[in-house]
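Okay, here's what each chain looks like letter by letter:
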Amino acid sequence: MTTLELIGQGVGFISMAMGWYAAYQSDDRQFIFYNFASALVAALHFGMLGSMVGVGLMLISGLRFGISLYSKHASWGTLFAIVTLIQGVYLFEGWYDGFGIASSMMACWILFAFEGRQLRIAAFICILLSLVHSVGIDSWSSILYCTGTMISLAWGLLRSTPKSETVAA
């Protein structure tokens, strides 16, 4: 592993911590804001690992999160999904990139279509797809990030489940 890749893994761990903090937020605006910040740091991480698809996806993701803080118009989701697909096809490097592209396209739509519990359930599915991409590019911090984020989202969903929705043991 080169020095740049080693530093990139460290930057990935910073992004990971930010993403976990985001996933733990119960307020949608805080959830989106910390994901915005995490995406920008993750773009730097992927660049240091040499994954241009990862850089592109994270920059689009950061822009998408930033805009969604101010607008929930569905046309934004469609626009970002199209841009994600175009850049993904242009920069496609291997089978694993398809999972990252699918995750990002899905995230484009859900960010502008869902709120609260539905947003977090859909985010869980997106993170699962991102996990496959992370394994494909051998990003240990991203693998850990995806795993931890899925746990954090699941925990948040469980603690926010109204008593009437829980099943008695």
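Residues numbered from 1 in each chain as written. Predicted model: local features only at pLDDT ≥ 70, side-chain atom pairs only at ≥ 80, totals over all residues. Heavy atoms only, no water.

J.: Whenever I open this one, the overall build of the chain confuses me. Can you help?
T.: A tally of helices and strands in the chain yields 7 helices and 0 strands. Its helices and strands taken in sequence order, the chain reads α-α-α-α-α-α-α from the N to the C terminus. In terms of C-alpha radius of gyration, the chain reaches 16 Å, essentially the compact-globule figure of 15 Å for 169 residues. With respect to the principal axes defined by its C-alpha atoms, the chain has extents near 50 × 35 × 25 Å. For the chain, the proportion of its 169 residues judged to be buried stands at 47%. Nonlocal contacts in the chain, meaning residues at least 24 apart in sequence, comprise 67% of its contacts between residues at least 6 apart. Working note: accessible area of the chain is about 8800 Å², and carbon and sulfur atoms make up 73% of it. The chain carries 7 positive and 8 negative side-chain charges, and their two centres are separated by 14 Å. (Helix = DSSP H or I, 4+ residues; strand = E, 2+ residues; numbered from the N terminus. Rg over C-alpha atoms; globule rule 2.2 N^0.38 Å. Buried < 20%, exposed > 50% of the residue type's maximum accessible area, 1.4 Å probe, protein only. Contact = heavy atoms within 4.5 Å. Areas by Shrake-Rupley, 256 points an atom, 1.4 Å probe, with all protein chains shown as cover. Lys, Arg positive; Asp, Glu negative; His and termini not counted. Charge placed at Lys NZ, Arg CZ, Asp CG, Glu CD.)

J.: Help me understand empty space enclosed by the protein, please; the structure alone is not making it clear to me.
T.: Where empty space is left becomes clear once a probe the size of a water molecule has been rolled over the atoms. A complete count under the given rule lists 1 cavity of 30 Å³ or more for this structure. Looking at the largest cavity, its volume works out to about 580 Å³. In terms of lining residues, the largest cavity is bounded by 37 residues, among which Met 58, Ser 61, Ile 127, Ser 130 and Tyr 145 are the most central. Elements with a contribution of two residues or more to the lining of the largest cavity: helix H1 (3-24), helix H2 (28-49), helix H3 (52-68), helix H5 (95-113), helix H6 (116-137) and helix H7 (140-159). By residue class, the composition of the lining of the largest cavity is 19 nonpolar, 17 polar and 1 charged. (1 Å grid on protein atoms, 1.4 Å probe; cavity = no way out; pocket = protein on both sides within 12 Å on 5 of 7 lines; lining within 4 Å. Points joined across faces, edges and corners; volume = space filled by probe spheres on them. Nonpolar A, V, L, I, M, F, W, Y, C, P; charged D, E, K, R; others polar.)

J.: Looking at this structure, how should I read the packing of aromatic side chains?
T.: One pass over the structure, following the stated rule, counts 8 aromatic pairs. Taking the centre distance of 4.8 Å and the plane angle of 90° together, the rings of Tyr 21 and Tyr 34 count as edge-to-face. Of this pair, Tyr 21 sits in helix H1 while Tyr 34 sits in helix H2; the two residues are 13 residues apart in sequence, bridging distant segments of the chain. For Tyr 21, a relative accessible area of 45% gives the class partly exposed. Its relative accessible area of 24% is what places Tyr 34 among the partly exposed residues. (Phe/Tyr/Trp six-rings, centres within 6.5 Å; stacked < 30°, edge-to-face > 60°.)

J.: Can you help me understand the nonpolar core in this one?
T.: General note: in soluble globular proteins, nonpolar side chains tend to be found buried as a group. Phe 31, Ile 32, Phe 80, Leu 111, Ile 127 and Leu 153 are the most contacted members of the largest nonpolar core, which has 26 residues in total. For this core, the secondary-structure elements that each account for two or more residues are H1, H2, H3, helix H4 (74-91), H5, H6 and H7. Of the residues forming this core, the biggest block, 6 residues, is contributed by H6. Discounting residues that sit within four places of it in the chain, Ile 127 has contacts with Tyr 145, Cys 146, Thr 149, Met 150 and Leu 153. Within the second largest apolar cluster, 5 residues are counted, among which are Ala 42, Val 55, Tyr 96 and Ile 137. (Core = buried A, V, L, I, M, F, W, Y, C linked by side-chain atoms within 4.5 Å.)

J.: In this structure, what is going on with the environment of Leu 91? I would like to understand it.
T.: You can see Leu 91 is positioned in helix H4. Looking at Leu 91, the relative accessible area reads 25%, which means it is partly exposed. Remark: the alpha-carbon pair of Leu 91 and Ala 102, spanning 11 residues in sequence, is separated by 14 Å. Aside from chain neighbours lying at most four places away, what touches Leu 91 is Met 52, Val 53 and Asp 97.

J.: Any chance you could explain H6 here in plain terms?
T.: Residues lying three or four places apart along an α-helix face the same way, a consequence of the helix completing one turn every 3.6 residues. Taking 1.5 Å per residue as the helical rise, H6 with its 22 residues ought to reach 32 Å, and the 31 Å between its terminal C-alpha atoms agrees with that figure. Within H6, the full set of buried residues consists of Leu 119, Arg 120, Ala 122, Ala 123, Cys 126, Ile 127, Ser 130, Leu 131, His 133, Ser 134 and Ile 137. Looking at the buried positions of H6, the neighbouring elements they touch are H2, H3, H5 and H7. Immediately beyond the C-terminal end of H6, within one or two residues, lies Asp 138, with a positive phi of roughly 60°. (Expected span 1.5 Å × (residues − 1).)

J.: Sorry if this is basic, but what is going on with the confidence of the model for the chain here?
T.: Fine structural detail should not be taken from predicted coordinates in areas where pLDDT scores are low. Across the chain, pLDDT averages 87, with 95% of residues at or above 70. Summarising per-element confidence for the chain, the mean pLDDT is lowest in H7 (86) and highest in H2 (92). (pLDDT = per-residue confidence, 0-100.)

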